[in-house]
Amino acid sequence: MAEPEKRMAGNYEITQTLRIGDREVVFGVDPTSDQPYFCALYQKIFEIIQYRERYEECFVSDNFVEVAEQFAEYVHQQCQKVREEWAKVTVPRVRITEEMCIPHDYGQDINGKVVAIKPSALRPEYRSADHQLVLVDGGSGAGANSYGTTCFCVNLYTGESVRWRRYDVLGEVKPECLPDWAAAHAAEIGQQAEQKKTQSRSQPAQER
């Protein structure tokens, strides 16, 4: 069996990582360097068809404890950022569970449905309704018995367009379990979509 490919940052082999919030804190080792210990904040930035990697606030030293302390400091900073994010959320940060959803059926079309994303598909600090609840509005995986997996969605709390896989969907949320704020946002998004369709139909066709 082939050995797993080593993760590298330059000549440093990444040996420890902790992802929290919008960054991953990484720790690396290069035994051949005069400063063999390394830590940094890492971010993977997705672009149209690829992604690029970025290491920020890189810290190197020949003192293991010093770099370990810096690693811990970066983790603390990221924890503080997440706490600040939580404090800004204006709705209850409850978790949507399987019992609150209609059993997920791949034979059903979920276009236009409010669904919850599985907690396991989200990082621990984001396993709450403000991140779980989305309105599905297309994608190759949204139809019934689809061979595709991509579902285009709108996050009901932020209003941002997001993309999930069909297998990340926990299920359609039962109406009685859908928070009032989410139901209101879903209705508003639906009305806006309908208005756009109406406006599009009312516009005269351009002459060729």
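Throughout what follows, the structure given in this document is the object of discussion.

Rules used in this analysis
Residues numbered from 1 in each chain as written. Predicted model: local features only at pLDDT ≥ 70, side-chain atom pairs only at ≥ 80, totals over all residues. Heavy atoms only, no water. Helix = DSSP H or I, 4+ residues; strand = E, 2+ residues; numbered from the N terminus. Rg over C-alpha atoms; globule rule 2.2 N^0.38 Å. Buried < 20%, exposed > 50% of the residue type's maximum accessible area, 1.4 Å probe, protein only. Contact = heavy atoms within 4.5 Å. Lys, Arg positive; Asp, Glu negative; His and termini not counted. Charge placed at Lys NZ, Arg CZ, Asp CG, Glu CD. Patch = residues over 30% accessible without salt bridge, like charges linked within 9 Å, V, L, I, M, F, W, Y side chains within 5 Å. Areas by Shrake-Rupley, 256 points an atom, 1.4 Å probe, with all protein chains shown as cover. Salt bridge = Lys/Arg side-chain N within 4 Å of Asp/Glu carboxyl O. 1 Å grid on protein atoms, 1.4 Å probe; cavity = no way out; pocket = protein on both sides within 12 Å on 5 of 7 lines; lining within 4 Å. Points joined across faces, edges and corners; volume = space filled by probe spheres on them. Nonpolar A, V, L, I, M, F, W, Y, C, P; charged D, E, K, R; others polar. Pairing = 2+ DSSP bridges. Core = buried A, V, L, I, M, F, W, Y, C linked by side-chain atoms within 4.5 Å. Axes fitted to C-alpha atoms, helices over the stretch in contact; angles between N-to-C directions.

Notes on the overall build of the chain
In terms of regular secondary structure, the chain is built from three helices and eleven strands. Scanning the chain from its N terminus toward the C terminus, one meets helices and strands in the order β-β-β-β-β-α-β-β-α-β-β-β-β-α. Taken over C-alpha atoms, the radius of gyration comes to 22 Å for the chain, far larger than the 17 Å a tight globule of 208 residues would show. Along the first, second and third principal axes, the C-alpha set of the chain runs to 70 × 50 × 40 Å. In the chain, which comprises 208 residues, the share counted as buried stands at 35%. Summarising the internal contacts of the chain: among those between residues at least 6 apart in sequence, 52% fall at separations of at least 24. The chain carries 24 positive and 32 negative side-chain charges, and their two centres are separated by 6 Å.

As for a negative patch on the surface
A cluster of acidic residues, Asp 34, Asp 62, Glu 66 and Glu 69, forms a negative patch at the surface. Mapped onto the fold, Asp 34 is located in the loop between strand 3 (23–29) and strand 4 (37–46). The class for Asp 34 is exposed, based on a relative accessible area of 72%.

Regarding the layout of surface pockets
Quantified by volume, the largest pocket comes out at close to 950 Å³. Taken together, 26 residues make up the lining of the largest pocket; nearest its centre are Arg 19, Phe 46, Arg 123, Arg 163 and Trp 164. Within the residue set of the lining of the largest pocket, elements represented by two or more residues are strand 4, strand 5 (51–61), helix 2 (129–132) and strand 10 (161–165). Tallied by class, the residues present in the lining of the largest pocket amount to ten nonpolar, six polar and ten charged. In terms of lining residues, the second largest pocket is bounded by Gly 112, Leu 135, Val 136, Asp 137, Val 154, Ala 186, Ile 189, Gly 190, Gln 192, Ala 193 and Lys 196.

Let's talk about the sheet that holds strand 1 (residues 8–9)
Spatially, the five strands line up as an open sheet ordered 1-2-3-4-5, and their pairing is antiparallel. Unpaired on one side and paired on the other, strand 1 and strand 5 mark the two borders of the sheet.

A look at the nonpolar core
Of all hydrophobic cores here, the largest spans 19 residues; its most connected members are Ile 96, Ala 116, Leu 133, Leu 156, Val 173 and Trp 181. Listed by contribution, the elements that provide at least two residues to this core are strand 7 (114–117), strand 8 (133–136), strand 11 (169–173) and helix 3 (180–202). Not counting chain neighbours up to four residues away, the residues in contact with Ala 116 comprise Ile 96, Cys 101, Gln 132, Leu 133, Asp 168, Val 169, Leu 170, Gly 171 and Val 173.

Describing the environment of Ala 182
Inspection of the secondary structure assignment puts Ala 182 in helix 3. Taking C-alpha positions, Ala 182 is 48 Å from Asn 11, a pair spaced 171 residues apart along the chain. Residues within four places of Ala 182 in sequence aside, it is in contact with Leu 133 and Leu 156.

Brief notes about the sheet that holds strand 11
Strand order in the open sheet formed by six strands is 6-11-7-8-9-10, with antiparallel pairing between adjacent strands. Because the sheet does not close on itself, it has two edges, and the strands there are strand 6 (101–103) and strand 10. Between one strand and the next, the sheet's axes are offset by a mean angle of 50°, whatever the strand orientation. Note: strand 7 against strand 11, three bridges, orientation antiparallel.

Re the pattern of salt bridges
Following the criterion strictly, the structure yields seven salt bridges and no others. Ionic pairing is found between Arg 23 and Glu 56, a salt bridge with its closest N-O pair at 2.9 Å. With Arg 23 in strand 3 and Glu 56 in strand 5, the pair connects residues that are 33 residues apart, well separated along the chain. By relative accessible area, which is 13% here, Arg 23 ends up buried.

Some words on unusual backbone geometry
For Glu 57, which is not glycine, the phi torsion reads 50° and is therefore positive. Take Glu 57: it is sitting in strand 5. Of note, the phi angle at Asn 145 is positive, near 50°, even though the residue is not glycine. Judged by its relative accessible area of 59%, Asn 145 falls in the exposed class.

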